Amino acid sequence: MEENIVKTRRTGCIISGIVGAVVLLAFHMPANAQTGAPQLKLFPRDVTEMLKETGETARAMENSLRGVIASFENQTTLFSQSGCDAGSDDPGCVQIAEQIAQNYQKMLDIMQENLPRMKRTIDATSTGLASRLRSQLGKNATPAQLQEILGPESQPDVTKGRFSLSKRFAQYYRLISSQQQPLPTLAAEIYLDTSSVSQWIDLMEAEIGRQQTIIELGRMYGSVTPEMVKMVDNVKSIIFGEDEVRGTVPAGPAAEFNTFESNLEY
Amino acid sequence: MEATAMFRHIHIKNVLPVTLIALCMLSTACAQTSIVRSNCDLPSSNRLNAAIAEAQATLAQRDCAARFDDIFDRLIYIAQNDTDTNNRREFSDFLNWSRDQNLINTRQAKDLYTRYFSHKFVSLPRDYQTCTHCREIGTITRAMKAELVSKQTGLLKICGERDLYARAAAEYEDLQIILEATCKACQNGE
């Protein structure tokens, strides 16, 4: 009889303990866990600061390059219009060609000086974001929960199309600072963008190294090569982008819908 | 000798009638079965509510349960020519009824409704972390693309819900970017 009483008390204690633990857990569990959508912190301070620094580095490089590239293009136009591209050994043509080559060298020097710093900040941003995306979206959410995170807010105002690196990263920094939704999409876009810019910087640094070697070997002086023109075009498209087109991403969910809600909807 | 012959006589005498009776019963049963056959035709009305009533009458016959998928597809087809914002409710009611009749289970009812009439994507897995699904991300993306077409049918053509479809399309684009970036981050972390 006494044994039964002891057993009953023990069972009661165990059950009370479990219930108590569940209640405590429920109170301390974040609301998001109860609703299923994870809480996000995708932009810690260091990532945001790196983004800002990337934008500033890009702007400094753009300012240095702008005049040099403008001179290069003016001189190549003059070279072509003067008939120098037919292989003329006219002293005027030779002089123009030397100036073109000097401007080109200057452009390569500016890039060689600025690209390593940009690579550092870009890679730091990319690594920071990768870590957050992996831990918060990759390992702490199911694919279905990713849609829960998006929410119904309309897309922020963005600069569409291709635009300069500095403006792009300044835009990213502004969007993050203003805490406009949806941040998961913004974080994903920035991560993909920084990854591709990092790869471009690697390719560009390799190409600059190669072309510096060619210049040192003296092959490029005295002529405007298609390689030079292509390199300048490449730099312009990546660093400066095309003309900006400001607009609003078409908003999907802003208007009112039929208010019917089915019990069958997830 | 006489005993054997007598045994044989008794045996035939007892077995033969029983066999004859059994054969009669069997032929009667077969005749009865061949007479009762269910009519499992697809709904023919051009109006969705009438078509749903026809569908329910058909599916109420147990023998027609196997035609649920065909009948549902027919309702989807009919509804595209009978656009109305209330059609979402009509389909919700029909799927709830089908579940109550045990024609489909709750998961199937939710999947069908959400696939056609919600901005949410059932193609997105609901179990395990996102990184686990990265190897099949191509399959998921293709499934989402196909589902977006279903939502175009349901939300736009059947219900006329432009804004809700626009939301589904916008979220589809966002999710492609997020999935690509997250899987890239998962792979870089391995």
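Please read these numbers as outputs of a predicted model, since none were measured by experiment.

### Regarding the confidence of the model for chain A
The pLDDT averaged across chain A works out to 76; a share of 70% of its residues lies at or above 70. Taken element by element, chain A is modelled with least confidence in helix H2 (residues 31–35) of chain A, mean pLDDT 41, and with most confidence in helix H5 (residues 143–150) of chain A, mean pLDDT 91.

### Here's the deal with the interface of chain B and chain A
Interface size is commonly expressed as the accessible surface area that is lost when the partners come together. Opposite the 47 residues of chain B that make contact, chain A presents 38 residues. Considering only the surface of chain B that becomes buried against chain A, Arg126(B), Arg167(B) and Ile178(B) emerge as the three largest contributors, covering 15% of it. Put simply, chain B and chain A have zero salt bridges between them. Applying the counting rule to chain B against chain A returns 17 residue pairs in polar contact (both at pLDDT 80 or more). Listing elements by their share of the side of chain B that touches chain A, those giving two or more residues are helix H4 (87–100), helix H5 (106–117) and helix H7 (162–188) of chain B. The element that contributes the greatest number of residues to the side of chain B that touches chain A is H7(B), accounting for 17 residues. Its residues assigned to classes, the side of chain B that touches chain A comprises 18 nonpolar, 13 polar and 16 charged.

### Considerations on the state of the cysteines
In total, this model carries four disulfides over all chains according to the counting rule given. Disulfide pairing is shown between Cys84(A) and Cys93(A); the S-S distance is 2.0 Å. The disulfide joining Cys84(A) to Cys93(A) has a torsion of about -75° about its S-S bond and is therefore left-handed. Classification of Cys84(A) as buried rests on a relative accessible area of 3%. The disulfide partner of Cys40(B) is Cys64(B), and the gap between their sulfur atoms is 2.0 Å. Here the disulfide of Cys40(B) and Cys64(B) is left-handed, its torsion about the S-S bond being about -80°. You can see Cys40(B) sitting in the loop between helix H1 (2–35) and helix H2 (48–59) and its partner Cys64(B) sitting in the loop between H2 and helix H3 (68–79), a full 24 residues away along the chain.

### Description of unusual backbone geometry
Residues and elements named next belong to chain B. Phi is positive for Asn102, which is not a glycine, with a value near 60°. Mapped onto the elements of the fold, Asn102 is located in the loop between H4 and H5. The class of Asn102 is exposed, set by a relative accessible area of 65%. Of note in the backbone geometry, Tyr128 takes a positive phi value of approximately 65° without being a glycine. By secondary structure assignment, the location of Tyr128 is in the loop between H5 and helix H6 (137–158).

### Examining the pattern of salt bridges
Using the criterion set out here, one finds 14 salt bridges over all chains in the structure. We note a salt bridge from Arg167(B) to Glu171(B), for which the minimum N-O separation is 3.0 Å. On the criterion of helical spacing, the pair formed by Arg167(B) and Glu171(B) is a turn pair, its members being four residues apart in helix H7. Residue classification places Arg167(B) among the buried positions, given a relative accessible area of 13%. Among the charged side chains, a salt-bridge network with shared partners connects Lys119(A), Asp123(A) and Asp202(A).

Rules used in this analysis
Residues numbered from 1 in each chain as written. Chains lettered and ligands numbered in written order. Predicted model: local features only at pLDDT ≥ 70, side-chain atom pairs only at ≥ 80, totals over all residues. Heavy atoms only, no water. pLDDT = per-residue confidence, 0-100. Helix = DSSP H or I, 4+ residues; strand = E, 2+ residues; numbered from the N terminus. Contact = heavy atoms within 4.5 Å. Buried area = accessible area lost by both parts, 1.4 Å probe. Salt bridge = Lys/Arg side-chain N within 4 Å of Asp/Glu carboxyl O. Polar contact = N/O pair within 3.5 Å; in protein donor to acceptor, adjacent residues only side chain to side chain. Nonpolar A, V, L, I, M, F, W, Y, C, P; charged D, E, K, R; others polar. Disulfide = S-S within 2.5 Å. Buried < 20%, exposed > 50% of the residue type's maximum accessible area, 1.4 Å probe, protein only.

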